Amino acid sequence: MHFALDEHQREVQQQARAFAASTLAPVAAEYDRQGRIPPAIIGGAADLGLLGCERDFVGYVAALIEISKAWASLAAVISVHNSLVCYPIARFGDEAQKKLYLSMLTDRKQLGCYAFAEPLAGSDAGAISTTAVADGDHFVLNGHKRFVTSGRQARVAIIYALTDPSKGRDGLSAFIVDTYTPGFSVGETNEMLGLRGSEAVDVILKDCRVPKANLLGGLNNGFAIARTVVEGGRIDIAAQAVGIGEACLEQSIAKAKDRRQFGRPIAEFEAIQWMVADMSTEIDAARLLTFRAAAKRAASPDAAGLTMAAAMAKLFASEAANRAAYNALQIFGGHGYLTEYPVERYFRDARAMTLYEETSEIERLVIERELAK
Ligand SMILES: Cc1cc2nc3c(=O)[nH]c(=O)nc-3n(C[C@H](O)[C@H](O)[C@H](O)COP(=O)(O)OP(=O)(O)OC[C@H]3O[C@@H](n4cnc5c(N)ncnc54)[C@H](O)[C@@H]3O)c2cc1C
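Everything quoted here is computed from the prediction, not taken from an experiment.

Cut-offs applied
- Residues numbered from 1 in each chain as written.
- Predicted model: local features only at pLDDT ≥ 70, side-chain atom pairs only at ≥ 80, totals over all residues.
- Heavy atoms only, no water.
- Helix = DSSP H or I, 4+ residues; strand = E, 2+ residues; numbered from the N terminus.
- Rg over C-alpha atoms; globule rule 2.2 N^0.38 Å.
- Buried < 20%, exposed > 50% of the residue type's maximum accessible area, 1.4 Å probe, protein only.
- Lys, Arg positive; Asp, Glu negative; His and termini not counted.
- Charge placed at Lys NZ, Arg CZ, Asp CG, Glu CD.
- Core = buried A, V, L, I, M, F, W, Y, C linked by side-chain atoms within 4.5 Å.
- Contact = heavy atoms within 4.5 Å.
- Expected span 1.5 Å × (residues − 1).
- Polar contact = N/O pair within 3.5 Å; in protein donor to acceptor, adjacent residues only side chain to side chain.
- Near = heavy atom within 4 Å.
- Areas by Shrake-Rupley, 256 points an atom, 1.4 Å probe, with all protein chains shown as cover.
- Nonpolar A, V, L, I, M, F, W, Y, C, P; charged D, E, K, R; others polar.
- Domains from an automatic or database assignment.
- Buried area = accessible area lost by both parts, 1.4 Å probe.
- Salt bridge = Lys/Arg side-chain N within 4 Å of Asp/Glu carboxyl O.

### What about the overall build of the protein chain?
Then, in step 1: A tally of helices and strands in the protein chain yields 11 helices and 10 strands.
Then, in step 2: A globule of 373 residues ought to have a C-alpha radius of gyration of about 21 Å, and the protein chain, at 21 Å, matches this closely.
Then, in step 3: Principal-axis analysis of the C-alpha atoms gives the protein chain an extent of 80 × 45 × 40 Å.
Then, in step 4: Across the 373 residues that make up the protein chain, the buried fraction comes to 53%.
Then, in step 5: Positive and negative side-chain charges of the protein chain, numbering 40 and 45 respectively, have mean locations separated by a distance of 1 Å.

### Thoughts on the nonpolar core
Then, in step 1: Ranked by size, the top nonpolar core spans 91 residues in total, and within it Leu24, Val61, Ile67, Leu74, Ile78, Leu141 and Phe175 carry the most contacts.
Then, in step 2: Setting aside residues no more than four positions away along its own chain, Phe175 makes contact with Ala132, Phe139, Leu141, Ala157, Ile158, Ile159, Ala161, Thr163, Val210, Asn214, Leu215 and Leu216.
Then, in step 3: Tyr87, Tyr101, Ile128 and Phe223 belong to the second-largest nonpolar core, a separate cluster that totals 27 residues.

### A look at helix α4 (residues 57-70)
Note that an α-helix has 3.6 residues per turn; residues three or four places apart therefore point the same way.
Then, in step 1: If you check α4, its first and last C-alpha atoms are 20 Å apart, about what 14 residues at 1.5 Å a residue would give, namely 20 Å.
Then, in step 2: Within α4, 14 of the 14 residues are buried, leaving the element largely enclosed by the surrounding structure.
Then, in step 3: Backbone nitrogen of Val58 and a side-chain oxygen of the N-cap are separated by 3.1 Å at the start of α4; the cap is Asp56.

### Considering the site of the ligand
Then, in step 1: Close to the ligand lie 17 residues; Tyr114, Ser123, Phe147, Thr359 and Glu361 are nearest.
Then, in step 2: In the environment of the ligand, an oxygen atom lies 2.9 Å from a nitrogen or oxygen atom belonging to the backbone of Phe116.
Then, in step 3: Between the ligand and the protein, one listed contact pairs a nitrogen atom with a side-chain N or O atom of Thr149 at 2.9 Å.
Then, in step 4: Protein coverage of the free-state accessible area of the ligand, which is 970 Å², stands at 66%.
Then, in step 5: For the shell around the ligand, the elements supplying multiple residues, two or more each, are β1 (112-115), β3 (138-149) and α11 (360-372).
Then, in step 6: Top contributing element to the shell around the ligand by residue count: α11, with three residues.
Then, in step 7: Across the shell around the ligand, the residue classes tally to 11 nonpolar, four polar and two charged.

### Digging into the side chain of Gln13
Then, in step 1: Mapping Gln13 onto the fold places it in helix α1 (residues 7-24).
Then, in step 2: Taking relative accessible area as the criterion, Gln13 reaches 10% and is therefore assigned buried.
Then, in step 3: Residues in contact with Gln13, not counting those within four places in the same chain, are Leu5, Ala62, Glu66 and Arg287.

### Some points on helix α10 (residues 343-353)
Then, in step 1: Burial within α10 is extensive, with nine of its 11 residues counted as buried.
Then, in step 2: Where α10 is concerned, the buried positions are Val343, Glu344, Arg345, Tyr346, Arg348, Asp349, Ala350, Ala352 and Met353.

### Regarding the domain arrangement of the protein chain
Then, in step 1: Segmentation of the protein chain into domains returns domain 1 (7-106), domain 2 (112-221) and domain 3 (223-372).
Then, in step 2: Placing a centre on the C-alpha atoms of domain 1 and another on those of domain 3 gives a separation of 19 Å.
Then, in step 3: Taken together, the contacts link 27 residues of domain 1 with 31 residues of domain 3.
Then, in step 4: In total, about 2400 Å² of surface goes out of reach between domain 1 and domain 3, with carbon and sulfur atoms giving 63% of it.
Then, in step 5: The shortest N-O distance in the salt bridge between Lys69 and Glu246 comes to 3.5 Å.
Then, in step 6: Connecting domain 1 to domain 3 are eight residue pairs in polar contact (both at pLDDT 80 or more).
Then, in step 7: For the side of domain 1 that touches domain 3, the secondary-structure elements that each account for two or more residues are α2 (28-34), α4 and α5 (72-92).

### With respect to the pattern of salt bridges
Two side chains with opposite charge may pair up if their charged atoms get near one another.
Then, in step 1: Per the counting criterion, the structure on display carries 22 salt bridges.
Then, in step 2: Close ionic contact of Arg209 with Asp135 constitutes a salt bridge, the shortest N to O distance being 2.8 Å. You can see Arg209 sitting in strand β7 (residues 200-211) and its partner Asp135 sitting in strand β2 (residues 131-135), a full 74 residues away along the chain.
Then, in step 3: By relative accessible area, which is 37% here, Arg209 ends up partly exposed.
Then, in step 4: Because the salt bridges share partners, they merge into one network encompassing Lys69, Glu246, Glu250 and Arg287.

### Regarding the environment of Ala157
Then, in step 1: Tracing the chain through its elements places Ala157 in strand β4 (residues 156-162).
Then, in step 2: Once the C-alpha coordinates of Ala157 and Cys113 are considered, the two residues, 44 residues apart in sequence, prove to be 4.8 Å apart.
Then, in step 3: Apart from the residues within four sequence positions on either side, Ala157 is in contact with Cys113, Phe175, Ile176, Val177, Thr179 and Phe184.

### Concerning the environment of Phe332
Then, in step 1: Structurally, Phe332 is set in helix α9 (residues 306-332).
Then, in step 2: Phe332 gets classed as buried once you look at its relative accessible area, which sits at 6%.
Then, in step 3: When the C-alpha positions of Phe332 and Ala256 are compared, they lie 7.8 Å apart, and in sequence the two are 76 residues distant.
Then, in step 4: Non-local contacts of Phe332, meaning those with residues more than four positions away in its chain, are made with Gln251, Ser252, Lys255, Tyr341 and Val343.

Below you can see the structure in the form of structure tokens.
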């Protein structure tokens, strides 16, 4: 298998790299501390074509790695917008839904958010308790969502709710909801360890009347939709993890050459060399797994073996990023523990990678189930 980027993909990667260096790297730490991404930065990402239904998934993944190297929070917002909001509308939406919402999410630079998790439901979709009850031309939504990335800024939400509670997760439906709809309100910010720029919030739905025309992909198809979209989401998070891992590696090599102890650069100590070698090997492997999954996804969202490839990429890359961040902080010594250097942010951001969308334990279950088929 050949993973070299073609000319167009290299151009997309190069543009993202330049944007990351000029626009993100100088301000990421400060905005992350403030817990926000300025609209001008979202606009800059949109101008690069990074928001919306990506046309070339491999080029998009290459760009996402570059963005994550500078600021993983922005990559998280882009991923949710593209893979969890735009993609399901493009794939499962009817013509009217696509025309209205995809143009809002692409041309008009409005953000999208994805409301699946709840205080009592994360890995287990069968524990979702938000309901959607038919009433004339509308569904009336009631419930409490948690961890809604971009929930405060988004104009469009994909909300998962029970339309047939007797069927558990197979009674879930997905709805496209304009966040200006009465009954949709944003609750508390979920104060997080990392990815602090990508604010996540509670969303409260109280008698939120959503037109029946906004049901996405048919009644009781919500779980099937969520399972499909998570495929792309896994690869996005693998790409974020590769970006964080590469940033850790680059910073570690530079620091090891620069920092002198006992009269010589710490890069001359074998203990440091082994850490760098391990980081480099693991991040390279993560990169290959991620591009293998991206190439399959680019060939077809229904490609054989995609579920396994995406789950393996997400599992390995997210855990490798955590080991890389741990080693980078170790190589920086006490200085790595200071907010003055970006490695403490990489360390905190990496931690989210094994948790969100699906935890490492769930990825292992997915891989084992695919093997057992
Ligand atoms: C930074 C961040 C951003 C997020 N953004 C969003 C978002 O935009 N929209 C959204 O809807 N959600 C979002 N989430 C929620 C995220 O998807 C969930 O946190 C995740 O699915 C795990 O669910 P949970 O936190 O409820 O953990 P739980 O499901 O309660 O899991 C707790 C522990 O039990 C383990 N476990 C659970 N079931 C099993 C099993 N069957 N076998 C073995 N182990 C198991 C888990 O692996 C974990 O270790 C976000 C979370 C984070 C941290």
